[in-house]
Amino acid sequence: MASRGVRRTALIVALLATVGFGYWMSSRYAQNQLWGHLPLLLFLSAWAAVALVRSIRREPSRQELRWLGLASLSGLLLSLGFPPSPLTPLVFIGFIPLFMAVSEITDGQAPRAKQVLRYGFNAFILWNILTTFWVANTAFIAGVIAIVANSLLMCIPLILFYYTRRAFSGRFSYWPFVVYWITFEYLHMQWELTWPWLTLGNSFAQYPSWVQWYEYTGCFGGSLWILVVNVLGYQGWLKYRAEGAGALRKALLRPTLLLLLPLLGSLAIYFNYEEQGARREVVAVQPNFEPHYEKFEIPQPAQLQRFLKLSEAALTDSTDYLVFPETSFRRINQRSLGGNKAIRELQRFVNRYPRLKLVTGLSSYKIYEEGEAHSPAVREEVRSNGKTLYWESYNSAVQITSGDPEIPVYLKSKLVPGAEIFPYRRLLFFFKPLVDALGGALVLGRQPERSVFFDQQLSVAPIICYESVFGEYVTGYVRKGANALFIVTNDGWWDNTAGHRQHLQFARLRAVETRRSIARSANVGTCAFINQRGDVSQPTAYGEVGAIRETIQFNTQVTFYTRWQDMIARLALFTSILFLLNALAKGLGKRAGVKSKGESA
């Protein structure tokens, strides 16, 4: 262990780096410049400072340093195994160092849950920082909270594993962690603080040819695959350590088979799959209005002209669909869509092409009429005449059809915590003054069920940004009849970092799960087409202005996963309850046995 003086010097360097990166970010913010990868450097230096402070206050033992190293290695491996890193296979060994640390802590003289929490949190916060640091580019405080909170939540399955491990003997003692982790991932998708970005099954987003069986299992099949291989790999390492080099082949056999068989099966599906459905020509537009400082400053008529110019250059008489990104146009009154100047001009443009349907994102609102029932997202504003105006804001999408004045509307329903929804506002009511100070920007209206945009023969799913991360949620559009998926998004909030790349890659998994072709339109980020096997075509570059055109297939067949959804996760939840009840019963039984022995003595 380095001397205390060396550690103090390292702490000073880490603190200076933290202050320096913070000042650099502040200066760029004052000059209306984006941060890029600066939050990553700030968070890493800050976390290094935290670790060094603890090591100075209390001299760590060699064993504690080993545990810290093992936990940090797990965080690094899980990060390197996640998109956009090409080292995806590392995710299959990502948990093994952490298993080693937890096992040594649990089997020690005085096992402590506090130590499991400390080293588990270290692993998970490194994973979160290295893969999702870019969240801070949207809102710094919200980004910090997301990283810290998600790291703490990830510790829950680890702590449950620690407390119940002794209730299960031998090799079986590690399997409860598998179901605890999948249960955590599933429940994390269901509540208002949802942040499923780091769901383990997303690790294969860059290589959908590896997981073509997602059409049966969904993303949780990938999580199960990763966790089981990690457990078998760790058990193989234990066997090797106990029996020596002679047991190496046997120790590697099971994890190797489990790694290769699903992979080979997936590749067989991939190379034999034939796309299904009618062919339709689609154009996707990338206008490239920087969202932090540019998009909401440029007059809307000027933005509209860019949209129309890009569209006109790409459209043909055979084009069926034109797709614009999320919130392409703002301040649209839903009660009078056809009366809005931008909507009228778009309708006139679409009418020039007899087959054309335009799907576009909108920032819209609705003013409540007197006596109309209010939703939980209602806002209020006292006017100069003393009357109170009640209204609601939406992140929405509409379809404008050539020759048809009817404009169907979809309201984004999977909202981003903090940015679009005030989570558990009744429970966290004391934060309301902060929300009000932000103009109520954390509360958007939504609709309870998915809806799709119909044509005479086919229909499309209007998926808005964050919604595309949720596999089971997206199947709701398909069950409503969607034959293709249109993702409208604005990924420029994260600057040119891993965020927009990850978001694009996740869409490839949705294509495989539902066997639906995807047209993706991004304001800033990447426009692309994705076929039913998950292959990406014509991806635009970040910061590029343009439009792309391709003929995609509209599938009417429904996959097993679309019908049965996240059955793996629901089974894991049920099994987790059984494991916890079993561990509780055994624990109570042991206490009763000890008590009866004491009384008889």
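S.K.: Can you help me understand the packing of helix α4 (residues 96–106) against helix α5 (residues 113–132) in this one?
M.R.: To describe two helices that pack against each other, one gives the angle between their axes and the distance between the axes. At a closest axis distance of 10 Å, the pairing of α4 and α5 adopts a crossing angle of 170°. The angle between α4 and α5 places the two elements in the roughly antiparallel class. Where α4 approaches α5, its residues L98, V102 and I105 are matched on the opposing element by Q115, V116, Y119, G120, A123 and F124. When grouped by side-chain class, the residues that make up the contact of α4 with α5 number seven nonpolar, two polar and no charged.

S.K.: Help me understand the sheet that holds strand β8 (residues 453–454) in this model?
M.R.: Strands pair in a sheet through their backbones, by hydrogen bonds, and they do so in one of two ways: parallel or antiparallel. An order of β8-β9-β10-β11-β12-β13 is seen for the six strands of this open sheet, with the pairing classed as mixed. Each having just a single partner strand, β8 and β13 (536–537) make up the two edges of the open sheet. Where strand β12 (residues 528–530) and β13 come together, two bridges link them in antiparallel fashion. When the bridges of β13 are listed, F529 appears paired with S537. Contacts between helix α14 (residues 471–479) and the sheet are confined to β9 (459–464) and β10 (484–489), with β9 contributing the most and set at about 155° to the helix.

S.K.: Help me understand the pattern of salt bridges, please; the structure alone is not making it clear to me.
M.R.: Two side chains of opposite charge can pair, provided their charged atoms sit close to one another. The final tally for this structure, using the stated rule, is 18 salt bridges. The residue R383 makes a salt bridge to E381 at a minimum N-O spacing of 4.0 Å. Judged by relative accessible area, E381 falls into the partly exposed class, the value being 37%. One salt bridge connects E513 with R510, and the closest N-O pair in it is separated by 2.8 Å. Of this pair, E513 and R510 are both found in helix α15 (residues 498–514), three residues apart, which corresponds to roughly one turn of the helix. Each member of the pair, E513 as well as R510, carries the same accessibility label: buried.

S.K.: What exactly am I supposed to notice about the nonpolar core here?
M.R.: A general tendency of soluble globular proteins is for nonpolar side chains to be buried together. The biggest cluster of nonpolar side chains holds 124 residues, and the ones touching the most others in it are F124, W181 and F486. The residues contacting W181, other than those within four sequence positions of it, are F95, F124, W127, M154, P157, L200 and L227. If you look at the next biggest cluster of nonpolar residues, it comprises 26 residues, including F289, L308, L315 and I332.

Reading guide: rules and limits
Residues numbered from 1 in each chain as written. Predicted model: local features only at pLDDT ≥ 70, side-chain atom pairs only at ≥ 80, totals over all residues. Heavy atoms only, no water. Axes fitted to C-alpha atoms, helices over the stretch in contact; angles between N-to-C directions. Helix = DSSP H or I, 4+ residues; strand = E, 2+ residues; numbered from the N terminus. Parallel < 35°, antiparallel > 145°, perpendicular 65-115°, else oblique. Contact = heavy atoms within 4.5 Å. Nonpolar A, V, L, I, M, F, W, Y, C, P; charged D, E, K, R; others polar. Pairing = 2+ DSSP bridges. Salt bridge = Lys/Arg side-chain N within 4 Å of Asp/Glu carboxyl O. Buried < 20%, exposed > 50% of the residue type's maximum accessible area, 1.4 Å probe, protein only. Core = buried A, V, L, I, M, F, W, Y, C linked by side-chain atoms within 4.5 Å.

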